[in-house]
Amino acid sequence: MKRLFPIAIAMLGATLIAPNCAYAQDTPAAAEVETTESTKATETVSVPDMLKEVKFLTKAKPKKKVHVYFILRSHSKCGFCRKITPEMNELYKAMKGKGAELIMLSGDSDRKVAKEWATEAEMSYPIVTHETAGAVILPSGGSGGTPNIVAVTPDGTVLESGSGASACTRIAGSWKELVKDAKKAKKAGKVKKKAKSAEAEELSLD
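What counts and how
- Each residue is numbered by its place in its chain's sequence as written, counting from 1.
- Owing to the predicted nature of the model, reporting of local features is limited to residues with pLDDT of at least 70; listing and counting of side-chain atom pairs is limited to 80 or more, with chain, interface and lining totals taken over all residues.
- As a rule here, side-chain values come from all non-hydrogen atoms in the structure, and water together with hydrogens is ignored.
- Comment: elements are numbered from the N terminus, with helices defined as DSSP H or I runs of at least four residues and strands as E runs of at least two.
- For every residue, the accessible area (1.4 Å probe, protein chains only) is compared with the maximum for its type, and the residue is labelled buried under 20%, exposed over 50%, or partly exposed between those bounds.
- By definition in these notes, contact holds between two residues if any of their heavy atoms fall within 4.5 Å.
- Only the protein chains shown count as cover for residues, and the accessible areas themselves come from Shrake-Rupley with a 1.4 Å probe.
- The pairing criterion is simple: DSSP has to find at least two bridges between the two strands.
- Between the N-to-C directions of two axes lies an angle of 0 to 180 degrees, each axis being a line fitted to C-alpha atoms and, for a helix, fitted only over the stretch in contact.
- Here the term patch refers to residues with relative accessible area over 30% and no salt bridge, with like charges joined within 9 Å and nonpolar side chains (Val, Leu, Ile, Met, Phe, Trp, Tyr) within 5 Å.
- The rule for a salt bridge is simple: a side-chain nitrogen of Lys or Arg has to be within 4 Å of a carboxyl oxygen of Asp or Glu.
- His is not counted, nor are the chain ends; Lys and Arg add positive charge and Asp and Glu add negative charge.
- For charged residues, the charge sits on one atom: NZ in Lys, CZ in Arg, CG in Asp, CD in Glu.
- Expected helix span is computed as 1.5 Å times (number of residues minus one).
- Side-chain rings of Phe, Tyr and Trp, where Trp is taken by its six-membered ring, are said to pair if the distance between their centres is within 6.5 Å; with planes under 30 degrees apart they count as stacked, over 60 as edge-to-face, and otherwise as tilted.
- In this description, the term disulfide denotes a pair of cysteine sulfurs within 2.5 Å.

Novice: For the overall build of the protein, give the residues involved together with the corresponding values.
Specialist: Helix and strand counts for the protein come out as 6 helices and 5 strands. Mapped in sequence order, the helices and strands of the protein form the string α-α-β-α-β-α-β-β-β-α-α. Residues classed as buried in the protein amount to 35% of the 206 residues present. A separation of at least 24 residues holds for 67% of the contacts in the protein among residues at least 6 apart in sequence. When the accessible surface of the protein is totalled, it reaches about 13100 Å², and 58% of it is carbon and sulfur.

Structure (structure tokens):
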């Protein structure tokens, strides 16, 4: 009986530790996937080029003259996605034609369900079909759950990202500031490029 008691204690300890070990083993793998996705994102082509590879669920198409794209991942079975839809609709109306564009990547594999939700929720922004959404390679926006959003410039530079209802509405709600920042960065980039060209020209003359 005395021998069995220590064995029982050891078995109990192993049972309690096991879940933590499994979690510890999963963490590096998850981090590795996240790193891979981030690496892919930095190597992607421009957002307009990525959008050439997708199909849209409705007639709405992205505007061409854009400084910031808001890429929203959402689907009909997500309660928080449904909750923020009315506000996202209003934000889209406000930013439309003013240097910002909202595009939703549909998480609904059933196109009929996706269309019904889009009609029911009165979504007027472009919605990328679930089948072709994989062509848009960007960071997930945080946890990878839905809803999540990424604010990105046309050249693929991520300005801000986040997941969850409040993060999505906050980031999309700051579209004016993000457009201003993107314009300044673009102008600064042009000035820097011009200065480099002038410097290279001077060196070639020498």
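Moving on from the model shown.
Novice: How would you explain the pairing of strand S2 (residues 100-106) if you had to name every residue and give the values?
Specialist: Counting buried positions over the 7 residues of S2 gives 7, a clear majority of the element. Going residue by residue along S2, you find Ala100, Leu102, Met104 and Ser106 tucked away on one face and Glu101, Ile103 and Leu105 tucked away on the opposite face as well. Where strand S1 (residues 68-74) lies against S2, 7 bridges are found, and the strand directions are parallel. Its bridge partner lying in S2, Leu72 is registered against Met104.

Novice: I'd like a rundown of the sheet that holds S1, residues and numbers included.
Specialist: Ordered by their spatial adjacency, 5 strands build an open sheet running S3-S2-S1-S4-S5, and the pairing between neighbours is mixed. A strand with exactly one partner marks an edge of an open sheet, and here the two such strands are strand S3 (127-128) and strand S5 (158-163). Lying over the sheet, helix H3 (residues 79-95) contacts S1, S2 and strand S4 (148-152), oriented at roughly 150 degrees with respect to S2.

Novice: Any details on the pairing of S5? Residues and values, ideally.
Specialist: Where S4 meets S5, 5 bridges bridge the pair, whose relative direction is antiparallel. What sits directly across from Asn148, in S5, is Ser163. Connecting S4 to the next strand, S5, in antiparallel fashion are 5 residues, including Gly156 with a positive phi near 100 degrees.

Novice: Give me the lowdown on a positive patch on the surface, citing residues and values where you can.
Specialist: Taken together, the side chains of Lys98, Lys176, Lys180 and Lys184 define a basic patch exposed on the protein surface. Among the secondary structure elements, Lys98 is positioned in the loop between H3 and S2. The exposed category is assigned to Lys98, whose relative accessible area is 52%.

Novice: Quick one: what's the story with H3, residue by residue and with numbers?
Specialist: The terminal C-alpha atoms of H3 lie 25 Å apart, and with 17 residues this matches the ideal 24 Å at 1.5 Å per residue to within 8%. Taken residue by residue, H3 has Cys81, Ile84, Thr85, Met88, Asn89, Leu91, Tyr92 and Met95 as its buried positions. Directly beyond the C-terminal end of H3, a positive phi value near 80 degrees is found at Gly97.

Novice: Which residues make up the packing of aromatic side chains, and what values go with them?
Specialist: The geometry of an aromatic ring pair is captured by the separation of the ring centres together with the interplanar angle, meaning the angle of the planes. Within the structure shown, the criterion is met by 1 aromatic pair. Look at Tyr92 and Tyr125: their rings are 5.6 Å apart centre to centre, the planes differ by 75 degrees, and that puts the pair in the edge-to-face class. Note that Tyr92 is positioned in helix H3 and Tyr125 in the loop between helix H4 (111-120) and S3, a separation of 33 residues in sequence.

Novice: Tell me about the state of the cysteines, residues and numbers included.
Specialist: Enumeration over the complete set of coordinates arrives at 0 disulfides. Free cysteine: Cys168, not disulfide-bonded; nearest cysteine sulfur from Cys81 at 7.6 Å. Classification of Cys168 by relative accessible area gives buried; the value is 0%.

Novice: Can you break down the side chain of Thr85 residue by residue, with the values?
Specialist: Mapped onto the elements, Thr85 comes out in helix H3. For Thr85, the contacting residues outside a window of four places in its chain are Trp117, Ala121, Met123 and Tyr125.

Novice: For unusual backbone geometry, give the residues involved together with the corresponding values.
Specialist: Here the bond from Thr146 into Pro147 is cis, since omega is -5 degrees, no more than 30 degrees from zero. Topologically, Pro147 is positioned in the loop between S3 and S4. A positive phi angle is found at Glu122, which is not glycine, with a value near 60 degrees. Looking at where Glu122 falls in the secondary structure, it is placed in the loop between H4 and S3.

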